Amino acid sequence: MTSLPQPIEGAKKLGLVIDLDTCVGCHACAVNCKEWNTGGHSAPLPDYDKYGADPDGVWFNRIHSYEATGKDDGCGGRTVNFPRSCLHCETPQCVTVCPTGASYKRAEDGIVLVNTDICIGCKLCSWACPYGAREFDEDAGVMKKCTLCIDRIYNTSLPEAEREPACVATCPSRARHFGDLGDPSSDVSKLVAARGGVDLMPELGYNPVNKYLPPRRAMIPTRATETPVRSGTGLGAALLTLVDRVLSR
Amino acid sequence: MTPASSVLLLTTLTGFGYGLLAWLGLFCALGLLPHALWFLPVGVMIALAFASGGLLASTLHLGRPERAWRAFSQWRSSWLSREGVASVLTYPPALGFAALWYFAGAGAPATRALGLLAAFMALATVYCTAMIYASLKPIRQWHNRHTAPDYLIFAALSGATLLAALTGIWTGHARLTGALAALAALVAAVAKLGYWRFIDRQAPLTTLASATGLAAFGSVTPLDQPHFTENYILREMGYQIARKHAAKLRRIALVVAFGLPGLFALLAAIGIAPMIAAPLAAICTGAGLFIERWLFFAEATHVAAIYYGRAV
């Protein structure tokens, strides 16, 4: 059913919290995601023109880099690495537009999935997603997307500590956190509250579950740029200016 | 949005088919159609051929066309599913309408009633098609109050030119249908100009700062791309058309889709070679609306492209 499930009282809202302060932009999440998922629930994740001039393929994570300038804290601008993936929205239009019931949101934990066995590959869900999270499998003719590693997080054959999404497990700077964002007492919810986590494009009304933690403000005030001081006129001052110039080189 | 020829064919051809069916139903109810035994059955067949051609073309857009039947299931939430259901539900009244015309007569109340039902279903199908686009929140050029009425107006124009061509060829004159097509061309031109004026003045749906959650840090510009080559998102939703090309194509669409058909339809209406002028109006409308529909896609921007620094 592509109608959204009725919210269940106390149901989990599983999702990710991504820390833009500590993300170093290494793409490890994207690589480990690709590695796991090409053998997982939505396998395979195809690659096209692999060794050619225009390699391309299906990836569930895309890591952008941006520069934020303007209202900064003294350093003039900052580089922000930005991993982009499915946000498992609470009101996802990608689900409701699906004509077949292939695209669905699970009532019990809020994960948005595609049933690739009945997907007709009309691509409308990818048009309905403002975050560009869905990528079409040209080989199989069906849509693919992040599964929140549904085959890891509930996988009882994995040690309990490893039952988290591949992107979270691999992140070397612990910039990705996984948990229940529907439970205000969960670690991820507390992290979001403490760090002022935000929604992406809240004005579009998709109510994403995943949250992004904005970069921290610099705690050490930056020193003002030094300006040369001219003391008086005459030979002495001219000499000092000369010394200043030589030393400034 | 990248214009896919299968979807352009779907929307233009179904516009012709369902537009013609709608006018046939309405004209029959008003008793304005030529009372020839085969006129309506042939008209309905032409209408259904156009509509079916468009629907078949749309399956070429699917990655798994053999599963297309599954698209009838989610009519509760999906406009695409509703379009499929409505298109199928249009066949029985349309075929019944043609049969009753033949067997019960053009003036029989049942014929007129079924004609109106077929007309309603035809318009409902066009409306569902339009709503597929109008419901997509990430695309500001589609998600607005122009899209649904425009699709209905363009279907009315397509159908009117086809009806004028049919009456022109069948009866040798197209006074009423030609005048109707000319009027439809005028209305359609005004609607399209209004749409272009609207999308040219629209504000972007979002900013990169909001899309990245960095609004508190000032303005945001892309630094490094996640990948060097185009991916699915950019190929499908990052389509960019040069402003000067768009301006030229808009003028061409305006002349070919509305200007020339209006002129030819007017000639047919006043009795100057209606057997040639009316079909020419229909042909021009088809070519022009194909360009118009191409622009409808090419000029549409998707907010996801903002992550790659593209204009939305």
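The structure presented is a predicted model; accordingly, all values stated were derived computationally and were not measured. (Residues numbered from 1 in each chain as written. Chains lettered and ligands numbered in written order. Predicted model: local features only at pLDDT ≥ 70, side-chain atom pairs only at ≥ 80, totals over all residues.)

Draft legend 1. Expanded view of the overall build of chain B. Of the regular secondary structure elements, chain B holds 10 helices and 1 strand. The linear arrangement of helices and strands in chain B, starting from the amino end, is α-α-α-α-α-α-α-β-α-α-α. Counting only C-alpha atoms, chain B reaches 75 × 45 × 30 Å along its principal axes. In chain B, which comprises 312 residues, the proportion classed as buried is 54%. Considering only intrachain contacts with a sequence separation of at least 6, the fraction spanning at least 24 residues in chain B is 76%. (Helix = DSSP H or I, 4+ residues; strand = E, 2+ residues; numbered from the N terminus. Buried ≥ 20, exposed ≤ 12 C-beta atoms within 10 Å, placed from the backbone. Contact = placed C-beta atoms within 7 Å.)

Draft legend 2. Summary view of the overall build of chain A. Broken down by element type, chain A carries 7 helices and 11 strands. On C-alpha atoms alone, chain A measures out to a radius of gyration of 24 Å, which is more than a quarter above the 18 Å that the 2.2 N^0.38 rule sets for 249 residues. Based on the C-alpha atoms only, the size of chain A along its principal axes is roughly 90 × 50 × 40 Å. Scored against the burial criterion, the 249 residues of chain A give a buried share of 46%. Taking the intrachain contacts of chain A between residues at least 6 apart in sequence as the baseline, contacts between residues at least 24 apart amount to 61%. (Rg over C-alpha atoms; globule rule 2.2 N^0.38 Å.)

Draft legend 3. Seen up close, the interface of chain B and chain A. Across the boundary between the two partners, chain B contributes 46 residues, which contact 53 residues of chain A. Those elements that place two or more of their residues in the side of chain B that touches chain A are α3 (79-103), α7 (208-211), β1 (219-224) and α8 (232-237) of chain B. The dominant element in the side of chain B that touches chain A, judged by the number of residues it contributes, is β1(B), at 6 residues. Looking at the side of chain B that touches chain A residue by residue, the classes come out as 21 nonpolar, 17 polar and 8 charged. (Nonpolar A, V, L, I, M, F, W, Y, C, P; charged D, E, K, R; others polar.)

Draft legend 4. Local environment of the sheet that holds strand β11 (residues 211-213) of chain A. Residues and elements named next belong to chain A. Strands sit in the order β10-β1-β11 across an open sheet of 3 strands; the sheet is mixed. Lying at the two open borders of the sheet, with one neighbouring strand each, are β10 (176-180) and β11. Neighbouring strand axes in the sheet, compared pairwise and without regard to direction, differ in orientation by 25 degrees on average. Here helix α6 (residues 187-195) sits on the sheet and contacts β1 (14-19), β10 and β11; the angle it forms with β10, its principal contact strand, is near 120 degrees. (Pairing = 2+ DSSP bridges. Axes fitted to C-alpha atoms, helices over the stretch in contact; angles between N-to-C directions.)

Draft legend 5. Fine view of helix α10 (residues 274-298) of chain B. In this model, α10(B) (25 residues) spans 35 Å end to end at C-alpha, consistent with the 36 Å of a helix rising 1.5 Å per residue. Most of α10(B) sits inside the fold, with 18 of its 25 residues counted as buried. (Expected span 1.5 Å × (residues − 1).)

Draft legend 6. The packing of helix α4 (residues 109-134) of chain B against helix α5 (residues 147-171) of chain B, seen in detail. Residue and element names in this part refer to chain B. Contact geometry of α4 with α5 gives a least axis separation of 8 Å together with a crossing angle of 140 degrees. For the element pair α4 / α5, the angle class is oblique. The interaxial crossing formed by α4 with α5 has right-handed handedness. Between α4, through Leu 123, Val 126, Tyr 127, Thr 129, Ala 130, Met 131, Tyr 133 and Ala 134, and α5, the contact on the second element is made entirely by Thr 147, Ala 148, Tyr 151, Leu 152 and Ala 155. (Parallel < 35°, antiparallel > 145°, perpendicular 65-115°, else oblique. Left-handed = near helix turned anticlockwise from the far one by under 90°.)

Draft legend 7. Focus on the domain arrangement of chain B. All names here are of chain B. Once the domains are mapped, chain B shows domain 1 (1-135) and domain 2 (137-312). Counting from both sides, the interface comprises 29 residues of domain 1 and, opposite them, 33 residues of domain 2. Contributing elements (two or more residues each) for the side of domain 1 that touches domain 2: α1 (5-29), α2 (39-59) and α4. With 11 residues, α1 is the single largest residue contributor to the side of domain 1 that touches domain 2. The residue makeup of the side of domain 1 that touches domain 2, split by class, is 21 nonpolar, 8 polar and no charged. (Domains from an automatic or database assignment.)

Draft legend 8. How the structure looks around the nonpolar core. Residues and elements named next belong to chain B. Within the largest apolar cluster, 175 residues are counted, with the highest numbers of intra-cluster contacts made by Leu 21, Leu 24, Ala 164, Ala 265, Ala 268, Ala 278 and Ala 281. If you tally residues by element for this core, the top one is α1, at 15 residues. Formed jointly, this core draws a minimum of three residues from each of two domains, domain 1 (1-135) and domain 2 (137-312). With near-sequence residues (within four places) excluded, Ala 278 lies in contact with Ala 164, Ala 165, Gly 168, Ala 174, Gly 178, Phe 264, Ala 265 and Ala 268. (Core = buried A, V, L, I, M, F, W, Y, C linked by C-beta atoms within 7 Å.)

Draft legend 9. Structural view of the UniProt feature "transmembrane region" (unreviewed entry) in chain B. Taking the numbering used here, the UniProt-annotated feature "transmembrane region" (unreviewed entry) corresponds to residues 7-32, 38-63, 84-104, 116-136, 148-170, 176-195, 252-270 and 276-296 of chain B. End C-alpha to end C-alpha, residues 252-270 of chain B measures 26 Å, and it is 95% helix and 0% strand. (UniProt positions renumbered as here; feature names shortened; annotations may be inferred.)

Draft legend 10. Main features of the confidence of the model for chain B. Looking at chain B, pLDDT values average 96 and 100% of them are 70 or higher. Here the predicted complex carries an ipTM of 0.95, next to a pTM of 0.92. (pLDDT = per-residue confidence, 0-100.)

Draft legend 11. The arrangement of the packing of α1(B) against α5(B) in detail. Residue and element names in this part refer to chain B. It is at 7 Å that the axes of α1 and α5 come closest, and there the two elements cross at 70 degrees. What the angle tells us is that α1 and α5 run roughly perpendicular. Along its contact with α1, which presents Gly 15, Phe 16, Tyr 18, Gly 19, Leu 20, Ala 22, Trp 23 and Leu 24, the element α5 presents Phe 154, Ala 155, Ala 156, Ser 158, Gly 159, Ala 160, Leu 162 and Leu 163. Along the lines of polarity and charge, the residues of the contact of α1 with α5 split into 12 nonpolar, 4 polar and no charged.

Draft legend 12. Broad picture of helix α1 (residues 28-37) of chain A. Of the positions making up α1(A), those classed as buried are Ala28(A), Cys29(A), Ala30(A), Cys33(A), Trp36(A) and Asn37(A). Tucked inside the fold, the buried residues of α1(A) contact β4 (62-69), β5 (78-84), α4 (150-153), α5 (166-170) and β10 of chain A.

Draft legend 13. Seen up close, the sheet that holds β5(A). Spatial ordering of the open sheet is given by β5(A)-β4(A)-β1(B), a layout of 3 strands whose pairing is antiparallel. With one partner strand each, in any of the chains shown, β5 of chain A together with β1 of chain B form the two edges of the open sheet. For this sheet, the mean inter-axis angle between neighbouring strands, taken without regard to orientation, is 40 degrees. In this sheet, β5(A) lies alongside β4(A) in antiparallel orientation, the contact comprising 7 bridges. By the bridge assignment for β5(A), Arg62(A) is matched with Arg84(A).

Draft legend 14. Seen up close, the environment of Val80(A). If you trace the backbone, Val80(A) turns up in strand β5. Residue classification places Val80(A) among the buried residues on the basis of 23 C-beta atoms within 10 Å. Residues Val80(A) and Asp199(A), spaced 119 residues apart in sequence, show a C-alpha to C-alpha distance of 16 Å. Those residues in contact with Val80(A), other than ones at most four positions away along the chain, are Leu20(A), Tyr66(A), Ala68(A), Pro215(A), Thr212(B) and Leu214(B).

Draft legend 15. Broad picture of the pairing of β10(A). Residue and element names in this part refer to chain A. The element β10 is largely enclosed, with a buried count of 4 among its 5 residues. In terms of strand pairing, β1 meets β10 through 5 bridges, oriented antiparallel. Bridge assignment links Val 17 to a residue of β10, and that residue is His 177.

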